[in-house]
Every structure is written in structure tokens, then in C-alpha cells.
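Summary of structural features
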Amino acid sequence: MVLARLQSRQILKKMDAAETYEQWTELASAYDHENGLDDWKSADASKSYDYRAIRQRLDLIRDLRFRQDYHQLLFTLNEGVHGNLGGMGKPALYNKAKLGTKNLIHQFVREVCGALHDIDEVDESIIPLAEKEDFFVRAGHCYGRSALMLSGGAVLGFFHAGVVKALFEQGLLPDIISGSSAGSIIAATTCTHTDEELEHRLSIDNLHHEVDKSSGVQPSLSPFASRNQPMDADNLRSYLEKIIPDMTFQEAFELTGRKLNITVTGLSPKQAPRLLNATTSPNVLIRPAVMASCAIYGVYPPVTLMCRNAKGETVPYLPDLRWIDGSFVDDLPAKRLTRLYGVNHFIASMTNPAALAITPDPDTPGNIFRQAFNYQSRIVKNVTTEMLKISRDNLRFKSPALNMLQHLSYGVLAQDYTADINIFLRNRWNHPLQLLAAPSRQAMLRLIREGEVSTWERIEMVRNCTMISRTLDEILHRRGWEK
């Protein structure tokens, strides 16, 4: 028993040191085998999902495909092509083993995707093209699609680069990506470069640039001071010019096919936050949008957005309005992405220190004491949020800065920082001033590396939960049936 535990610990250490996902999966598989988890994967039964319904449906689809009964197969798919069937996407099913989950779930997802290809490829004399189009359009709409949301987090945001890199290398990077504050830097970098360029653009060699330490972020102890702000803003602007091309949201979408979304918060409490993208603001320039989303209140000056007009000239966009850090009010803009793109499955990469301090990782299993602590934390958060709401709605200070701080504090606490799949930064505690300092090459490399490893732990969950929607999107795109 002692020897087995030592072997398991050695495997876990090697997993943390793995250089590729292929190495990591080999070690994870060895860990599962060493700890008897292969038997758990092979057995259908679990209280976490409706395994009987999934087994029954899997056997039916297999039989229909074998008999090439395409009309009945189409009828069967029409009955139940929807996400999280029988609860098979629950995190609890992916926390037991290091690699993957129940074999039944893997088999079911692959079988459904195979059936979808069968319907797509079957001769039109059997299933007419119009009937196919009607099915796939409806199925795509009903099943929905996934989005990746990158939170704020100052220099910790380079963790997102590792997350995006790991998903991209496995062909699992969603086309819909949002970014707030630091997350907007990585989101914009991802969505303004083609697949051929992306691996290099997310590398340490591209992301790390030496900065003039004299012009680094030097925040005052007062959140209302403006000293050094122009210098700080110039430093950030210079960095963005090195890693993000000068283009609009529409130009980025036409280049890469990825739907970039950047959140910005209004400088006035009465000013509604915005989600900038090729649909709502196609002519807005991405770099100023990222500048605005990174404009931490009291550290960086607020930003006026810029756009290209009909003559191709760069002019102010909504010139009377200024914008600040997007993470204050809408760090993970799930509701807006749902309305715009029909997203119903979300992957969140979370580095926001404020969110990490008040949000336990919902995908991490815990004992009764951890659960009790998390429950108490939620109560404290909810009570504090309600108190701030009452204060915001009824108290007015002479200082506009205090009113704004009250508004932003409520916005931070009132948000939901969790998603269907959560990739959380492990180190939740950092000195506030370190968060604003230019990271060394070694520190940035460590963050990117942690993002990769943390994502590897979720890869098979992402793969299973998105495989059907990716198959539907591929068929719809190839056929030109996208709506």
C-alpha cells in the first residue's frame, strides 16, 4: 500500500513536469491504472449521471447505424440531440480519474458524431438535401455552441496564454472568445492572428518584451490619484502595438473567423457597460478597446474608443464617453454571449484576484468541512453584495470618485465567476503591487506553463462536452447552412 502511494506521488510529480499533453496523458493513464480507476471507467454505473438512459440510447444508435436505417436514425437523433444528456457533462464525472471519464460517455459522444456524419453523407435519394438542411440547422440551434471567457487579472492574465495554447493544440479552441482587462490582451492576440501564426504569437518570445522600468506601472497609494498615469498608459500602448495588429473587430473576424469580444465599463455609474465585437461595433479598433478594458480605475486613465469611418480615417467612437476596466462589471459576459451567438456552454479561464478570493472552484471535490466553508463564504458574499446594493442605490457622496468606487465594488461582488468548465489559477494570493509590475520572462513563462497544465486536466472534459457541437458546426459550415 505504501509503495503504491509512493509510485502515485512520483507519477503526479512527473505529470506536473510533463512538457507536452501527450506525455501528460501517458502519465495520467498510468496513474489511473495504478489506482484501479480503469475499472471505474469501464463500469457504466454512477450516481452522477443517468447511465441507463445513455446506455439504452447508445445501443439504439449503434443498431440503427449497423442496419443503415437512416430514416429511423434521423428520427432518433431528432429526439435527443441536446447538450449534457443525462448529466454526462457534470464535473464530478471528470474529477474521479486523472484522464477522461466513464467509457460509456466517450463511446456515446463518438457514436452520435458518427451518426451525424452518416446523415450528412447518405445519398440524397434516401434523405433529400432539404430535409438534411432542416435537421442540421435545427440541431445546431438546439444544441448550441461553446465560448471561451478570459477574465481580468493584471499580469496573472498571461495564464490565459497557456490555456489558449493548450486548447488550440488539441483542436478544441472555441471560435467565440471573450476577454476582460488582462484577458482582453490574450483574446485580442488570439483573434487577430491566423492558425498558422497563433502558436508563435502565444509563445514567450512574442509575449514577453522588456519594458522601461522607469515607465512601468507605478500606482499611487490613493486610488483617486492621477500621477504617472499618462506614462503608464504609454507603456501599455507600446506593448499592445508589439503584439496586436492595427485592425477593427470586423477585420479580425474576416481574417481569422474567430469572434472576438471585449468588455469595457463606463466611467459613469449611469453609463452601461459594453461588449465590443464585430456584431455590435464592427468598425471599432481593437487596440484602443483593449486599452479601455485594461484601464484599472485609479491606475490607468479612462480611454476614448476609436474607430475607422467610411473614409478609412481613424476617429473617436462615441466621443463623449470614456471607458475603464471591463472586469469591474462584466468579467465573464455569459448572458451577452448567449444572446449574440446562441452560446450555451462556457469555458472560463479565471485569474481575477478579486474573483478568486471570493469564489471557490466549483469543480474541485471537497470534504464536508470544505463544503461548509464554501457555503459560509457564499452567505457572506451575498449579504455583502446586498449591503453594497442598498448603499449604492441610496447613498451619494460629494466625491464622484467615491460614488464610482461604490458602484464598482458592487459590480465586482455581484458577478458570477463560474462556468460549465472552470480553469482556475492555483495561486490565488498575490501582493497587489506585484500584480501591476511588469513580469520577468521567468514569471511570465511560469504563468503560461501553469495555464497549459491546468488546461490539460480539463482537456478530455472539453473534448467530450464540445465534440457534438463542433461536429454540427463543421457540417453546417462546410455545407454553407450557417445562419
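The structure we're discussing is the one just above.
Residues numbered from 1 in each chain as written. Predicted model: local features only at pLDDT ≥ 70, side-chain atom pairs only at ≥ 80, totals over all residues. Heavy atoms only, no water.

1. Section: the overall build of the protein chain
The helix and strand tally for the protein chain stands at 23 helices and nine strands. Out of the 483 residues belonging to the protein chain, those deemed buried represent 51%. Across the protein chain, every contact between residues at least 6 apart in sequence was considered, and the portion connecting residues at least 24 apart equals 78%. With the model as given, the accessible surface of the protein chain reaches about 23200 Å², and the carbon-plus-sulfur share is 54%. (Helix = DSSP H or I, 4+ residues; strand = E, 2+ residues; numbered from the N terminus. Buried < 20%, exposed > 50% of the residue type's maximum accessible area, 1.4 Å probe, protein only. Contact = heavy atoms within 4.5 Å. Areas by Shrake-Rupley, 256 points an atom, 1.4 Å probe, with all protein chains shown as cover.)

2. Side note on a nonpolar patch on the surface
Taken together, the side chains of Leu 395, Phe 397, Leu 402 and Leu 405 present a nonpolar region at the surface, about 320 Å² in accessible area. You can call Leu 405 partly exposed: its relative accessible area is 32%. (Patch = residues over 30% accessible without salt bridge, like charges linked within 9 Å, V, L, I, M, F, W, Y side chains within 5 Å. Salt bridge = Lys/Arg side-chain N within 4 Å of Asp/Glu carboxyl O.)

3. A short note on the nonpolar core
The biggest cluster of nonpolar side chains holds 136 residues, and the ones touching the most others in it are Leu 77 and Ile 286. Counting contributing residues, this core receives three or more from each of domain 1 (1-144 + 464-479) and domain 2 (146-359 + 417-458). The contacts of Ile 286, once residues within four sequence positions are left out, are Ala 188, Thr 192, Ile 244, Met 247, Thr 248, Phe 249, Ala 252, Leu 260 and Ile 262. (Core = buried A, V, L, I, M, F, W, Y, C linked by side-chain atoms within 4.5 Å. Domains from an automatic or database assignment.)

4. Here we look at the pairing of strand 1 (residues 145-150)
Across the six residues that make up strand 1, a large majority, five, are buried. Bridge analysis of strand 1 against strand 8 (residues 343-350) gives six bridges, and the strand direction is parallel. In the sheet register, Ser 146 faces strand 8, and the bridge partner there is His 345. The sheet contact formed by strand 1 and strand 2 (residues 176-180) spans four bridges and is parallel. Across the sheet, residue Leu 150 finds its bridge partner in strand 2, namely Gly 179. After leaving strand 1, the chain enters helix 9 (residues 159-169) and then returns to the sheet as strand 2, a path that is right-handed. (Pairing = 2+ DSSP bridges. Right-handed = clockwise from strand over helix to strand, strands pointing away.)

5. A closer look at unusual backbone geometry
Phi at Gln 68 is positive, roughly 55°, even though this residue is not glycine. When you line up the elements, Gln 68 lands in the loop between helix 4 (51-67) and helix 5 (70-80). Judged by its relative accessible area of 53%, Gln 68 falls in the exposed class. Located in the positive-phi region is Ala 154, a residue other than glycine, with phi close to 55°. Secondary-structure assignment places Ala 154 in the loop between strand 1 and helix 9.

6. A short note on the packing of helix 7 (residues 103-121) against helix 23 (residues 459-479)
With their axes 10 Å apart at the nearest point, helix 7 and helix 23 run at an angle of 5° to one another. The orientation of helix 7 relative to helix 23 falls into the category roughly parallel. Taken together, the residues of helix 23 that come into contact with helix 7 (itself represented by Ile 105, His 106, Val 109, Arg 110, Val 112, Cys 113, Leu 116, His 117 and Asp 120) are Glu 460, Asn 464, Met 467, Ile 468, Thr 471, Leu 472, Glu 474, Ile 475, Arg 478 and Arg 479. In terms of residue class, the contact of helix 7 with helix 23 is built from nine nonpolar, four polar and six charged. (Axes fitted to C-alpha atoms, helices over the stretch in contact; angles between N-to-C directions. Parallel < 35°, antiparallel > 145°, perpendicular 65-115°, else oblique. Nonpolar A, V, L, I, M, F, W, Y, C, P; charged D, E, K, R; others polar.)

7. Side note on the packing of aromatic side chains
All told, the structure shown has six aromatic pairs when counted by the stated rule. Seen from their ring centres, Tyr 49 and Tyr 51 are 6.1 Å apart, and the 55° between their planes marks the pair as tilted. Among the aromatic residues, ring-to-ring pairing joins Tyr 21, Trp 24 and Trp 456 into one connected group. Directly above the ring of Tyr 31 sits Lys 98, whose terminal nitrogen or CZ lies 5.6 Å from the centroid. (Phe/Tyr/Trp six-rings, centres within 6.5 Å; stacked < 30°, edge-to-face > 60°. Lys NZ or Arg CZ within 6 Å of the ring centre and 35° of its normal.)

8. Section: the side chain of Ser 454
Relative to the assigned elements, Ser 454 resides in helix 22 (residues 441-456). Look past the residues within four positions of Ser 454 in its chain and what remains in contact with it is Phe 159, Ile 423, Phe 424 and Arg 426.

9. Some details on the environment of Pro 353
Turning to its location among the elements, Pro 353 is positioned in helix 18 (residues 353-358). Sequence separation between Pro 353 and Leu 435 is 82 residues; the distance between their C-alpha atoms is 9.1 Å. Not counting chain neighbours up to four residues away, the residues in contact with Pro 353 comprise Gly 153, Leu 156 and Leu 435.

10. Quick notes on the pattern of salt bridges
Overall, the coordinates contain 23 salt bridges when judged by the stated rule. Taking the shortest distance from any N to any O, the salt bridge between Asp 63 and Arg 67 comes out at 2.9 Å. You can see Asp 63 and its partner Arg 67 sitting in helix 4, four residues apart, about one turn around the helix. The partly exposed category is assigned to Arg 67, whose relative accessible area is 46%. The residue Glu 251 makes a salt bridge to Arg 308 at a minimum N-O spacing of 2.9 Å. Remark: Arg 308 occurs in strand 5 (residues 306-308) and Glu 251 occurs in helix 14 (residues 249-256); sequence separation between them is 57 residues.

11. Some remarks on helix 10 (residues 182-191)
Within helix 10, ten of the ten residues are buried, leaving the element largely enclosed by the surrounding structure. The set of residues buried in helix 10 consists of Ala 182, Gly 183, Ser 184, Ile 185, Ile 186, Ala 187, Ala 188, Thr 189, Thr 190 and Cys 191.

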